[in-house]
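Chain and residue survey
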Amino acid sequence: MILTRRSLLASAAALAATPKRSAFAADEWPTRIVRMISPYGAGGANDISLRIFNEYFERDLKQQFMVENKPGAGTRIANETVAHAAPDGYTFLYAAAPYATAEALFGKLNYARSELRPVAMAVVAPIFLIINAKSDYTTLPELIAYGKAKKDGLTFGSPGPGSQPHLAAELLFRTAGVKGLNIPFRGDSAAYTELLAGRVDATFTAISTALPHIKAGNFRVLGVASAERSTIYPDAPTLVELGFPQIVAAGWYGFMAPAATPAPIVAKLESTVLRALQDATVTQKLLAQGLEAHGRSGADFATFIDDETRKWSKLIEDAGLKGQP
């Protein structure tokens, strides 16, 4: 092909016009189905809350939003899927707290953090410290004293290594100066069975799944690992109030995109997420899942993730924790 002055000028004009076409495309976005990738299986809080958001997105943006569940490997499968997806605004990640601890737990990942871009933080899932109501201890100081008196220390149930309940328990052990053993279970129900049987001493858990047992008088809530009391169960004191300001932990979910996704599309989804969290119907549905609205901009979400990564990576290193491959 022979390049003439006219063809060069035409090419330059086409390149100059590209941003305008991109901006127009962003204004019109979405024009087809948007894939929202969940790092967990169907039926859990992540999946259900994502469907709550998708209902709002479809009403607000007049397009279909589809949940695609990609569970496994401590959320790394979903993270990698979106990190390597086309950055066209039609694939997003509904990221969860393990995103911030994956590298510390598992070492080198099949994706780089720089390949994903925070869009907006959405919700937090407060975690509560609960015990068997028939236990000899009834307060946090009594639980700690009990653990110090036991040769092997305290036993805690958790959803698995590196989960927020596990990390909160490890932080409690180290802060209180008590030995502890984390016992992983597949799901809350298995941990509750062992707690009711007296084979584990305590667990950190979401209040939504524990509430029936609390109302039945089987479990006692000692506190919540939040900076402030939870609106979901305000009767529970914070562990900060109980003299442990270091123990602040919660699950969280937020939206992320492939890093090269056009900024106008990212901004449009960001504003839509933040609007959704002002909708009373959305927030009430989230509360029913044990989730509190916690909207943050993409920039604030990025700062939050960095803070979480530093905090928990240090604990993981100090405690010598490793995730399952």
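These notes cover the structure that comes with them. Within any chain, residue numbers begin from 1 and follow the written order of that chain's sequence. At least 70 in pLDDT is required for a residue's local features to be given in this predicted model, at least 80 for side-chain atom pairs to be given and counted, and no such filter applies to totals for whole chains, interfaces and linings, which use all residues. Based on all heavy atoms of the structure, the side-chain values leave hydrogens and waters out of the count.

Turning our eyes to something else, we now look at the overall build of the protein chain. Only runs of H or I of at least four residues qualify as helices and only runs of E of at least two qualify as strands under DSSP, and these elements are numbered from the N terminus. Per the secondary structure count, the protein chain includes eleven helices and eleven strands. Dimensions of the protein chain, computed from C-alpha atoms along their principal axes, come out at roughly 85 × 40 × 30 Å. When the accessible surface of the protein chain is totalled, it reaches about 15,200 Å², and 55% of it is carbon and sulfur. Note that His is not counted, nor are the chain ends; the positive residues are Lys and Arg, and the negative ones are Asp and Glu. Charged side chains are reduced to one point each, which is NZ for Lys, CZ for Arg, CG for Asp and CD for Glu. Each charge class in the protein chain can be summarised by its mean position, and for the 33 positive and 30 negative side chains these summaries are 4 Å apart. Accessibility throughout is a Shrake-Rupley quantity obtained with a 1.4 Å probe, and a residue counts as covered only by protein chains that appear here.

Here we come to the pairing of strand β3 (residues 91-96). Taken across its six residues, β3 has six buried, putting it largely inside the fold. Taking every second residue as pointing to the same face, both faces of β3 are buried, with Thr91, Leu93 and Ala95 on one and Phe92, Tyr94 and Ala96 on the other. Only strands joined by at least two bridges in the DSSP assignment are considered to pair. In this structure, β3 lies alongside strand β10 (residues 250-258), joined through four bridges in antiparallel fashion. Its bridge partner being in β10, Tyr94 is matched across the sheet by Phe255. Each residue gets one of three labels from its accessible area relative to the maximum for its type: buried under 20%, exposed over 50%, partly exposed in between, using a 1.4 Å probe on protein chains only.

Looking now at the sheet that holds strand β5 (residues 128-132). Strands sit in the order β7-β6-β8-β5-β9 across an open sheet of five strands; the sheet is mixed. Because the sheet does not close on itself, it has two edges, and the strands there are β7 (180-184) and β9 (219-224). When strand polarity is set aside, the average angle formed by the axes of neighbouring strands in this sheet is 30°. Note: β5 against β9, five bridges, orientation antiparallel. Of the residues in β9, the one forming a bridge with Ile130 is Val221. Contacts were defined at the residue level, with two residues in contact if any of their heavy atoms lie within 4.5 Å. A fitted line through C-alpha atoms serves as each axis, taken over the contacting stretch for helices, and the angle formed by two N-to-C directions is quoted from 0 to 180°. Docked against the sheet, helix α5 (residues 140-149) engages β5, β6 (154-158), β8 (202-205) and β9, running at close to 115° with respect to β6.

Here is a general trend for soluble globular proteins: nonpolar side chains tend to be buried in one another's company. Side-chain atoms within 4.5 Å link the members of a nonpolar core, which is a set of buried Ala, Val, Leu, Ile, Met, Phe, Trp, Tyr and Cys residues. In this structure, Phe53 and Phe255 are the most contacted members of the largest nonpolar core, which totals 32 residues. Looking at which element gives the most residues to this core, the answer is helix α2 (residues 45-61), with six residues. Those residues within four positions of Phe53 in sequence are excluded, and the remaining contacts are Tyr94, Ala122, Val123, Phe255, Val273, Ala276, Leu277 and Leu286. In terms of nonpolar packing, the next biggest core, distinct from the first, is built from 30 residues, Leu129, Ala168, Leu172 and Ile247 among them.

The strands that make up a sheet are held in pairs by hydrogen bonds between backbone atoms, and each pair lies either parallel or antiparallel. Read from one edge of the open sheet, six strands run β2-β1-β3-β10-β4-β11, paired in mixed fashion. Strands at the two margins of the open sheet, each flanked by one partner only, are β2 (65-69) and β11 (292-297). If you compare each strand with its neighbour and ignore which way they point, the axes differ by 25° on average. Here strand β1 (residues 34-38) pairs with β2 via five bridges, running parallel. By the bridge assignment for β2, Ser38 is matched with Asn69. This element, helix α9 (residues 263-276), spans β1, β3, β4 (116-126), β10 and β11 of the sheet and lies at about 15° to β4. Running at roughly 70° to β4, helix α11 (residues 298-319) makes contact with β4, β10 and β11 of the sheet.

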